[in-house]
Amino acid sequence: MINQEGSGFLSRIPVVTKNIIIINLLFWMASIVLPRIGIDLIHIGGLHFPWATDFYAFQFISYMFLHDTSSLSHVFFNMFAVYMFGRVLENVWGPKRFLIFYIVSGLGAAVVQEAVWFFNLRELVFASQDYINLNGEQIISKSEYMNYFVTIGASGSVFGILLAFGMLFPNVPLYLMFIPVPIKAKYFVVFYGLAELFMGVANFGGDNVAHFAHLGGMLFGYFLIRYWRKNDNDNGRFYL
């Protein structure tokens with residue numbers, strides 16, 4: 001249900017969408033401030049490889065509320081997408097279903113990222129030696145080396161949101177920066193998905209973006225929508 005109370009900007013944002021944005025911004029600011037007193041929030045809450053010594057199960061949730069602190073762009077563009085598309089989905093689905101979708105998409109991204117790490121590190125995981133030679137300069141333990149692999153960001157959930165918007169409103173025209181021609185939402189989602197797949201497979205040097213995690217968010221979001229549609233149809237409810 002659309003919030004009709006109040007006339008301010010914040011009052012017009014659905015409650016879950018608004019709180020997701022606020023929490024992410026608070027975590028981003030905390031990630032900047034807390035290192036001054038010796039608390040590395042990104043390392044504590046960022047998603048680690050399960051074989052790393054600093055891995056904890058709660059990171060499957062906490063990682064999606066943390067962002068790069070070197071600039072505002074990472075958290076800004078993710079939260080801008082949550083605002084633009086998430087509020088529409090929340091108004092259609094309601095707060096409970098939208099929150100479930102957001103978390104499931106983020107969890108899906110985390111699962112896929114862990115699978116990619118395992119594929120890339122499988123030889124090291126099963127190696128008999130406990131130490132490795134890092135760049136020929138430093139000897140460190142396997143578990144310490146695995147602590148270097150950390151993923152943060154709400155992008156998995158955001159890509160799930162983009163997919164959901166494209167599925168629910170496939171013919172809505174979207175206007176992208178620097179592209180004056182409108183693109184239908186369904187084509188926009190397909191293009192974004194193919195671009196992420198290409199970037200993930202190409203694995204360009206210096207690219208530290210978790211492209212397969214983005215695809216994981218879309219994949220889990222897709223299956224959740226399909227499940228909801230079947231469940232709603234079986235119960236005689238109309239579903240967009």
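These figures come from a predicted structure and were not determined experimentally. (Residues numbered from 1 in each chain as written. Predicted model: local features only at pLDDT ≥ 70, side-chain atom pairs only at ≥ 80, totals over all residues. Heavy atoms only, no water.)

## Let's talk about a nonpolar patch on the surface
A surface patch of nonpolar side chains, about 490 Å² in accessible area, is lined by Ile37, Ile39, Ile44, Tyr56 and Phe58. Within the fold, Tyr56 resides in the loop between strand 1 (47-48) and helix 3 (59-62). The exposure class assigned to Tyr56 is partly exposed, which follows from its relative accessible area of 44%. (Patch = residues over 30% accessible without salt bridge, like charges linked within 9 Å, V, L, I, M, F, W, Y side chains within 5 Å. Areas by Shrake-Rupley, 256 points an atom, 1.4 Å probe, with all protein chains shown as cover. Salt bridge = Lys/Arg side-chain N within 4 Å of Asp/Glu carboxyl O. Helix = DSSP H or I, 4+ residues; strand = E, 2+ residues; numbered from the N terminus. Buried < 20%, exposed > 50% of the residue type's maximum accessible area, 1.4 Å probe, protein only.)

## Considerations on the packing of helix 1 (residues 15-33) against helix 4 (residues 73-93)
At a closest axis distance of 8 Å, the pairing of helix 1 and helix 4 adopts a crossing angle of 165 degrees. Relative to helix 4, helix 1 is oriented roughly antiparallel. For the pair helix 1 and helix 4, the crossing hand works out as right-handed. Within the contact between the two elements, helix 1 uses Val15, Val16, Thr17, Ile20, Ile21, Asn24, Leu25 and Trp28 and helix 4 uses Val75, Met79, Val82, Tyr83, Gly86, Arg87 and Glu90. Looking at side-chain class alone, the contact of helix 1 with helix 4 contains 10 nonpolar, three polar and two charged residues. (Axes fitted to C-alpha atoms, helices over the stretch in contact; angles between N-to-C directions. Parallel < 35°, antiparallel > 145°, perpendicular 65-115°, else oblique. Left-handed = near helix turned anticlockwise from the far one by under 90°. Contact = heavy atoms within 4.5 Å. Nonpolar A, V, L, I, M, F, W, Y, C, P; charged D, E, K, R; others polar.)

## So, the UniProt feature "transmembrane region" (unreviewed entry) in the protein
Those places that UniProt annotates as "transmembrane region" (unreviewed entry) correspond, in this numbering, to residues 21-44, 64-86, 98-119, 148-175 and 211-228. For the annotated span residues 98-119, helix accounts for 100% and strand for 0% of the residues, and the straight-line distance between the end C-alpha atoms is 32 Å. A distance of 38 Å separates the end C-alpha atoms of residues 148-175, which is 50% helix and 18% strand. (UniProt positions renumbered as here; feature names shortened; annotations may be inferred.)

## Brief notes about the packing of aromatic side chains
Under the definition given, this model contains 18 aromatic pairs. On the numbers, 4.9 Å between centres and 55 degrees between planes, the contact of Trp93 with Phe101 is tilted. For the pair Trp93 and Phe101, one class covers both residues: buried. Within the aromatic cluster, the residues linked to one another by ring pairs are Phe49, Trp51, Phe118 and Phe126. A cation sits over an aromatic face here: Arg87 above Tyr83, 4.2 Å from the ring centre. (Phe/Tyr/Trp six-rings, centres within 6.5 Å; stacked < 30°, edge-to-face > 60°. Lys NZ or Arg CZ within 6 Å of the ring centre and 35° of its normal.)

## Observations concerning helix 7 (residues 155-168)
Counted at 1.5 Å a residue, the expected span for helix 7 with its 14 residues is 20 Å, and the 20 Å between its end C-alpha atoms agrees. Summarising burial for helix 7: 13 of the 14 residues are buried, a large majority. (Expected span 1.5 Å × (residues − 1).)

## What to know about the environment of Phe149
As for its position among the elements, Phe149 is in the loop between helix 6 (142-146) and strand 4 (150-151). Using a relative accessible area of 21% as the deciding quantity, one classes Phe149 as partly exposed. Residues Phe149 and Phe49 lie 100 residues apart in sequence; the distance between their C-alpha atoms is 6.5 Å. If near-sequence neighbours (up to four positions away) are discounted, Phe149 is found in contact with Leu47, His48, Phe49, Trp117 and Leu121.

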